[in-house]
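# Observations on the three-dimensional arrangement
Each chain, letter by letter, is given below.
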Protein chains: 4
Amino acid sequence: MGAVRPLPDYLVRRYQGWKATTYADNRAWYRRLAEDGQHPRAMIISCCDSRVHVTSIFGADQGEFFIHRNIANLVPPYESGGGQHGTSAAIEYAVTSLKVAHVIVLGHSICGGVQGCYDMCEGRAPELEASTSFVGRWMDILRPGYQRLPAGDDAARVRALEKAAVLVSLENLQTFPFVETATAAGDLTLHGLWTDIAEGGLETWDPAAGDFVPVGRSSPP
Amino acid sequence: MGAVRPLPDYLVRRYQGWKATTYADNRAWYRRLAEDGQHPRAMIISCCDSRVHVTSIFGADQGEFFIHRNIANLVPPYESGGGQHGTSAAIEYAVTSLKVAHVIVLGHSICGGVQGCYDMCEGRAPELEASTSFVGRWMDILRPGYQRLPAGDDAARVRALEKAAVLVSLENLQTFPFVETATAAGDLTLHGLWTDIAEGGLETWDPAAGDFVPVGRSSPP
Amino acid sequence: MGAVRPLPDYLVRRYQGWKATTYADNRAWYRRLAEDGQHPRAMIISCCDSRVHVTSIFGADQGEFFIHRNIANLVPPYESGGGQHGTSAAIEYAVTSLKVAHVIVLGHSICGGVQGCYDMCEGRAPELEASTSFVGRWMDILRPGYQRLPAGDDAARVRALEKAAVLVSLENLQTFPFVETATAAGDLTLHGLWTDIAEGGLETWDPAAGDFVPVGRSSPP
Amino acid sequence: MGAVRPLPDYLVRRYQGWKATTYADNRAWYRRLAEDGQHPRAMIISCCDSRVHVTSIFGADQGEFFIHRNIANLVPPYESGGGQHGTSAAIEYAVTSLKVAHVIVLGHSICGGVQGCYDMCEGRAPELEASTSFVGRWMDILRPGYQRLPAGDDAARVRALEKAAVLVSLENLQTFPFVETATAAGDLTLHGLWTDIAEGGLETWDPAAGDFVPVGRSSPP
């Protein structure tokens, strides 16, 4: 494995700093997490995008969130048999083994995956339509969201598609029998969020309003 | 969607705190990340486990790492055509679109997915062998790692399997044509890590030693 | 150029060591930095003093900080036309071309430049008052900081002047039209720091407190 | 100062890590550096570019190098009287107060400042010719280097200009009376280097060869 190298120095130094501070201050808790096992309250499904930091936004520490991250925070529909479904495996483990109380889907602005899906559906990204495109085939999950987009300019439709990615995922989540069982029993609730990277905004899907609504209060001056 | 609810209050309050402090101090950077796009240095593939916090360990902030998290930090082998491969899509996007310089696979101790794989391969977890088990089918990716385990007691073999999960993923990574192209050109290096949750330890795969070796220095007193 | 010599051997050997280790582990990243250009998050203005290592203090690696270092980390006031202003050129390039999100001024204890300025203003360093003294004329930038010093003993006043050097620079920074434009738009924030070389302390200017306050926690035992 | 904010959290955490590790391990030395004053062996004049890390390349620690960094690692010619010359002040302090044994000018590849100078001299960058352009007026220092460029394609001439920036600075250094005095007495030598960011190469000006020659040995396999 000639392309495999040891960890770069700068990460070694940063790790050493963490070990001597955050780890040292929290050692008792990390040991207990190791001995007792994890008991996360929620599963979060977010995008791989480097600009989305779910633990930062929610002030979370080790043990709080079981986090799955994929391109465009997508959940495929339930399919029995065949294939290695990483996302479905993560959901199954969170709901049936860890028995999380919440599954939170977190979408975001300026998502490269959503933009690619939009371009592909508009016929402007033939390379994503190739059967060999992993990104293209993955983003096919979002095609039903594209079908429902209202008319408008591209920017507005892309933003709508970012939010549709959250809704499509919430709908697909409910096709999993173990999700249906848990929600019907009142043991699990689902939540949809969308965050604006530039402005630090956060919107939550409000079923009563039938729309995403801003969370909390206005920006500090 | 009756099971969908607005964001729980405790997360609303935490988000508001983040917005008034961390966001306010970093607003200029988050805006620039939104305008200029992300330029992450590395992709990190880690486990969904709530006890693994890669950004914390490495003192990382928004924009540094493109992070994919799945059960047991696994990379399946390259397969052309068919299926919605979330992990392969994330790797393709990171390597071909974002042109990350490093792909880092981060394994960890007491991994529930690895334990399940071990139990399944030992014949002690028939429920994971069912074709309908998403977790079982996902963990099939690690079966080649199980085949190579040395003899020993269960605890030692499970630990060895946690590290094998990193090596199998590094091997599978190198079956992707675009990974091969980038590493051959010197534009991408691969790195394997394993972290001990309880003790805060970190080991890196050292190709020269042919083994995982501890990173950095001993624990603080 | 008779005084020009090849690189001393001890530095050749150290460079070779770096090339075979750190460079080899990070080659992909350095190549990408060369191809894509730099996207540093922050500009840091610090002193030339050999005891100030900003990349070390912040665990930073290539590509993170655009660093200008001069005597006493000073920024002169904006002056249109005339003269070759190295500091002003560096700020202009960082803010208007690189569009950094932060400009951080880092002062430090036992600064020889600040001590010289203090002695000069106290009338004890006539050699620095000569028109031919580059150091004296450069340190004139800090005279407004001297004017505001509270009464007290020399040691306390020199320390206060070290911190005043940071504040004067922050004030002067805001006289540059392009800095004003970027901060007004929310695309740039300014930060003032002072570090204690001997004790490894770090203080940040807190606008709410109107004072420098210690960063982080107490010293390790 | 409404644009001034406290230090961003991620830098606070990194600093705390440094304090608990590197500082703790080196406290005795840093204290002695504070008490005895600095005794750096060399002054290094390098570019502000975030991709140039002189301490990393030379494995240097606190106390070794007095470092001045400006756009394109330039030294202006000696001028008596008038103006606030940050670079000249740094050189004066290093040579006359600290009595460094070496002044090393470190140039580098893909330098934005050098590229700007080239474009300006070619008549392709009118914005840099404006009297209000700090970068343009600063890069005027390199115009004599442009005059001497051999014919050739743009890429070759820009590279030659990067190296000319080192030579022009070495020449200008020798116009300072205190530099001349120190070199004539055998108390100071000057050195010119150029580093290739992408390939990690390093070349030193060899007066005997009348050219830059590679330092050390070939790359590791």
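These numbers were taken from a predicted model, which means no experiment stands behind them.

Below, the discussion takes up the overall build of chain A. Helix and strand content of chain A: nine helices and six strands. Its C-alpha atoms give chain A principal-axis dimensions of about 55 × 55 × 50 Å. Residues counted as buried form 61% of the 221 residues belonging to chain A. Long-range contacts, defined as pairs at least 24 residues apart, comprise 62% of the intrachain contacts of chain A with a sequence gap of at least 6. Of the roughly 8100 Å² of accessible surface on chain A, 50% is carried by carbon and sulfur atoms. Of the side chains in chain A, 19 bear a positive and 25 a negative charge, and the two mean positions are spaced by 8 Å.

Taken together, the contact pairs 102 residues of chain A with 102 residues of chain B. Summing both sides of the interface, chain A and chain B together bury roughly 9100 Å²; the carbon and sulfur share of this comes to 62%. Our count for the chain A to chain B interface comes out at four salt bridges. A salt bridge links arginine 14 of chain B to glutamate 64 of chain A, with the shortest nitrogen-to-oxygen separation between them at 2.8 Å. Linking chain A to chain B there are 46 residue pairs in polar contact (both at pLDDT 80 or more). Element by element, the count of residues in the side of chain A that touches chain B is highest for helix α1 (residues 9-36) of chain A, at 17 residues. A breakdown of the residues in the side of chain A that touches chain B according to their chemical character gives 50 nonpolar, 34 polar and 18 charged.

With that out of the way, let us pick up the pairing of strand β3 (residues 102-108) of chain C. All names here are of chain C. Of all seven residues that make up β3, seven are buried, and the element is covered over most of its length. Where burial is concerned, the two faces of β3 agree: the one with His102, Ile104, Leu106 and His108 and the one with Val103, Val105 and Gly107 are both buried. Here strand β1 (residues 42-47) pairs with β3 via five bridges, running parallel. In the sheet register, isoleucine 45 faces β3, and the bridge partner there is valine 105. In terms of strand pairing, β3 meets strand β4 (residues 189-196) through seven bridges, oriented parallel.

This part takes up the relation of the copies chain A and chain B. A rotation about some axis, followed by a shift along it, carries one copy of the chain onto the other. Take chain A, turn it by 180°, move it 0.0 Å along the axis, and it overlays chain B with an RMSD of 0.1 Å. Overall, the copies show the geometry of a two-fold rotation axis. Within chain A, arginine 69 of chain A has its C-alpha nearest the rotation axis, a separation of 2.5 Å. Here 99% of the interface residues in chain A have copies in chain B that are interface residues too; the copies meet face to matching face.

Our focus in this paragraph is the relation of the copies chain B and chain D. For the pair chain B and chain D, the superposition axis carries a translation of 22 Å, the fit reaches an RMSD of 0.1 Å, and the rotation angle comes to 117°. Here only 11% of the contact residues of chain B are again contact residues in chain D; the copies associate through non-equivalent surfaces.

Attention shifts here to the pattern of salt bridges. According to the stated counting rule, one finds 57 salt bridges over all chains in the structure shown. When the shortest N-O distance is used, the salt bridge between arginine 143 of chain C and aspartate 140 of chain C registers 2.8 Å. Arginine 143 of chain C gets classed as partly exposed once you look at its relative accessible area, which sits at 27%. Between lysine 163 of chain D and glutamate 203 of chain D there is a salt bridge, with its nearest N and O atoms 2.8 Å apart. Separated by 40 residues along the polypeptide, lysine 163 of chain D in helix α8 (residues 154-173) and glutamate 203 of chain D in strand β5 (residues 201-206) bring together distant segments of the chain. By the burial criterion, lysine 163 of chain D is buried, and glutamate 203 of chain D matches it.

Moving on: the interface of chain B and chain D. Often the size quoted for an interface is simply the accessible area lost on bringing the parts together. Each side of the interface is counted separately: chain B has nine residues, and chain D has 11 residues. Summed over both partners, the interface of chain B with chain D comes to about 770 Å²; 34% of that surface belongs to carbon and sulfur atoms. On inspection of chain B and its partner chain D, the count reaches two salt bridges. For aspartate 25 of chain B, the salt bridge is made with arginine 5 of chain D, and the minimal N-O distance between the two is 2.9 Å.

Simply put, disulfide is the name for a covalent bond between the sulfur atoms of two cysteines. Residue and element names in this part refer to chain B. On inspection of all chains with the given rule, the structure shows zero disulfides over all chains. Note on cysteine 117: no disulfide assigned, nearest cysteine sulfur contributed by cysteine 121 at a separation of 4.1 Å. Cysteine 121 gets classed as buried once you look at its relative accessible area, which sits at 18%.

Our focus in this paragraph is helix α8 (residues 154-173) of chain C. Residue and element names in this part refer to chain C. Over its 20 residues, α8 runs 28 Å from end to end, which matches the ideal 28 Å to within 8%, given 1.5 Å per residue. Approximately 25° is the largest bend angle found in α8, and it occurs at lysine 163. Counting buried residues in α8 gives 14 out of 20 residues, a clear majority hidden from the surface.

Residue and element names in this part refer to chain A. Within the structure shown, the criterion is met by 48 aromatic pairs over all chains. Ring geometry for tryptophan 18 versus tyrosine 30: centroids 6.4 Å apart, planes at 15°, classification stacked. One exposure class covers both tryptophan 18 and tyrosine 30, and it is buried. Aromatic rings pair up to connect Tyr15, Trp18, Tyr23 and Tyr30 into one cluster.

Residue and element names in this part refer to chain A. The feature "binding site: Zn(2+)" (unreviewed entry), as annotated in UniProt, sits at Cys47, Asp49, His108 and Cys111 in this numbering. Spanning 65 residues, the named residues form one tight spatial group whose C-alpha atoms are at most 9.1 Å apart. Relative to the elements of secondary structure, cysteine 47 occurs in strand β1 (residues 42-47). Those residues in contact with cysteine 47 that sit more than four places away from it in its chain are Arg69, Asn70, Ile71, Ala72, Asn73, Leu106, His108 and Cys111. Structurally, histidine 108 is set in strand β3 (residues 102-108). With a relative accessible area of 1%, histidine 108 lands in the buried category. Excluding residues within four positions of it along the chain, histidine 108 makes contact with Cys47, Asp49, Val52, Asn73, Glu162, Trp194, Thr195 and Ile197.

Here is what the cut-offs are and how they apply
- Residues numbered from 1 in each chain as written.
- Chains lettered and ligands numbered in written order.
- Predicted model: local features only at pLDDT ≥ 70, side-chain atom pairs only at ≥ 80, totals over all residues.
- Heavy atoms only, no water.
- Helix = DSSP H or I, 4+ residues; strand = E, 2+ residues; numbered from the N terminus.
- Buried < 20%, exposed > 50% of the residue type's maximum accessible area, 1.4 Å probe, protein only.
- Contact = heavy atoms within 4.5 Å.
- Areas by Shrake-Rupley, 256 points an atom, 1.4 Å probe, with all protein chains shown as cover.
- Lys, Arg positive; Asp, Glu negative; His and termini not counted.
- Charge placed at Lys NZ, Arg CZ, Asp CG, Glu CD.
- Buried area = accessible area lost by both parts, 1.4 Å probe.
- Salt bridge = Lys/Arg side-chain N within 4 Å of Asp/Glu carboxyl O.
- Polar contact = N/O pair within 3.5 Å; in protein donor to acceptor, adjacent residues only side chain to side chain.
- Nonpolar A, V, L, I, M, F, W, Y, C, P; charged D, E, K, R; others polar.
- Pairing = 2+ DSSP bridges.
- Least-squares fit on C-alpha atoms with pLDDT ≥ 70 in both.
- Disulfide = S-S within 2.5 Å.
- Expected span 1.5 Å × (residues − 1).
- Bend = angle between axes of the 7 residues up to and from the residue.
- Phe/Tyr/Trp six-rings, centres within 6.5 Å; stacked < 30°, edge-to-face > 60°.
- UniProt positions renumbered as here; feature names shortened; annotations may be inferred.

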